[in-house]
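# Coordinates in review
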Amino acid sequence: MAASKTVLVTGGAGYVGAHASKALYRAGYMPVVYDNLVYGHREAVKWGPLVEGDVHDAARLADTLAAHKPSAVMHFAAYAYVGESVENPLKYYNNNVGGTLSLLGAMRDAGIDKLVFSSTCATYGVPETPLLAESHPQKPINPYGESKWMIERVLAGLAAAGQMNYVALRYFNAAGADPDGEIGEDHDPETHLIPRAIAAAHGGPALKIFGDFPTPDGTAIRDYIHVNDLATAHVKALEHLVAGKSSDVFNLGTGHGHSVREVVDALRALGLDPKTEKAPRRAGDPPQLVADATKAGAVFGWKPAMSDLATILKTAVAWHEKKGNFR
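Residues numbered from 1 in each chain as written. Predicted model: local features only at pLDDT ≥ 70, side-chain atom pairs only at ≥ 80, totals over all residues. Heavy atoms only, no water.

Helices and strands together make up the secondary structure of the protein chain, namely ten helices and 14 strands. Each of the three principal axes of the protein chain carries a C-alpha extent, and together these read 55 × 40 × 40 Å. Buried residues in the protein chain amount to 53% of all 327 residues. Accessible area of the protein chain: about 13800 Å², with a carbon and sulfur share of 53%. Each charge class in the protein chain was averaged separately, 31 positive and 35 negative side chains, and the resulting centres sit 2 Å apart. (Helix = DSSP H or I, 4+ residues; strand = E, 2+ residues; numbered from the N terminus. Buried < 20%, exposed > 50% of the residue type's maximum accessible area, 1.4 Å probe, protein only. Areas by Shrake-Rupley, 256 points an atom, 1.4 Å probe, with all protein chains shown as cover. Lys, Arg positive; Asp, Glu negative; His and termini not counted. Charge placed at Lys NZ, Arg CZ, Asp CG, Glu CD.)

Moving on, we come to the sheet that holds strand 3 (residues 50-52). Spatial ordering of the open sheet is given by 3-2-1-4-5-6-11, a layout of seven strands whose pairing is parallel. Single-partner strands in this sheet number two, and they are strand 3 and strand 11 (248-252). Strand-to-strand twist across the sheet, computed as the mean angle between neighbouring axes with direction ignored, equals 20 degrees. The sheet contacts of helix 7 (residues 227-242) involve strand 1 (6-10), strand 4 (72-75), strand 5 (114-120), strand 6 (165-171) and strand 11, and relative to strand 6 the element is tilted by about 160 degrees. (Pairing = 2+ DSSP bridges. Axes fitted to C-alpha atoms, helices over the stretch in contact; angles between N-to-C directions. Contact = heavy atoms within 4.5 Å.)

What follows concerns the sheet that holds strand 14 (residues 288-289). On the basis of which strands lie adjacent, the open sheet formed by three strands has the order 12-9-14 and mixed pairing. If you trace the sheet from one side to the other, it starts and ends with strand 12 (258-259) and strand 14, each paired once. As defined by bridge partners, strand 9 (residues 221-222) adjoins strand 14 across two bridges and the pair is classed as parallel. Each residue of the ladder has a partner; that of Ile221, found in strand 14, is Gln288.

Membership of the largest hydrophobic core comes to 37 residues, with the highest contact counts inside it found for Val16, Leu24, Met74, Leu169, Leu238, Leu252 and Trp302. Sorting elements by how many residues they give to this core places helix 7 first, with eight residues. When neighbours within four sequence positions are excluded, Leu238 is seen to be in contact with Val7, Leu24, Tyr29, Ala72, Met74 and Val116. Counting 23 residues, the second-largest nonpolar core is a separate cluster that includes Leu104, Ile112, Ile151 and Met164. (Core = buried A, V, L, I, M, F, W, Y, C linked by side-chain atoms within 4.5 Å.)

Summarising burial for strand 11: five of the five residues are buried, a large majority. The two faces of strand 11 match: Asp248, Phe250 and Leu252 on one face and Val249 and Asn251 on the other face are all buried. The sheet contact formed by strand 6 and strand 11 spans five bridges and is parallel. Pairing of Leu169 across the sheet is with Phe250, part of strand 11.

Taking every second residue as pointing to the same face, the buried face of strand 8 (residues 207-211) carries Leu207, Ile209 and Gly211, while none of Lys208 and Phe210 on the other face is buried. The pairing of strand 8 with strand 13 (residues 276-280) spans five bridges and is parallel. Opposite Gly211, over in strand 13, you have Pro280 as the bridge partner.

Right under this line is the structure:
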């Protein structure tokens, strides 16, 4: 009997989850989105059914898994504001770790053993090398990163016990928007550089540029990865598990960083002029975070196709100008 092509997507009404749902649908899967809509958007669920529910709700999860019979789960549901995690650690441990334990229990009870987990480069902490490979020590410096690291340890333990097959994907900086204009980045509050810079060019608050860092132009360098490339990687990770391959972890990035000033200058080259102001360097903010993502290419053939800075910015600008998201 062929395996079900249905995939439960927790947090599928959010930014990366919605793009992954579209990629799943295009690859022949049926994404069933499970989201409490605290940060997600109902209108972002376009490629399969939406079940409104919280990952802490064991009964709701059990009913959903019984009704839709997915063969695998993609788990995006999490709180993801680093600053808030420092101010309210318990909120992050309770939701990100506790909610995942609830989900894993429901999966066990339903006999589902395949999970693609949305992790983060924040599990590494302060870089010890210019490029971060998966073997880099994991020393998270905030509760958000620590909560994701904790989940990775839980998954490793389940895999060692033969109870779970998983892929953990450690993202670097997700950016850009669906080139078809159907979905995009819509956070409230918005903390990411590119949407804040676009807003600053449309009458929003001035973009704070933190410094001074020991980088060529004094601003922080980050590895920006187009959200469509992230979505494609999730499908490839799922197919890795469906093919019976072993549990593993992978970085998702480009191997090349851009400074804040480079991003602002690239926006100006597109005709936008973000207002900027200098701000003091934030504690614990690494000067550079850039991925060594060669492993994902070697193991399941993933390679970024849309993650040049110009494409990221053009798709992001088109989305935000369409939506008028200039907070």
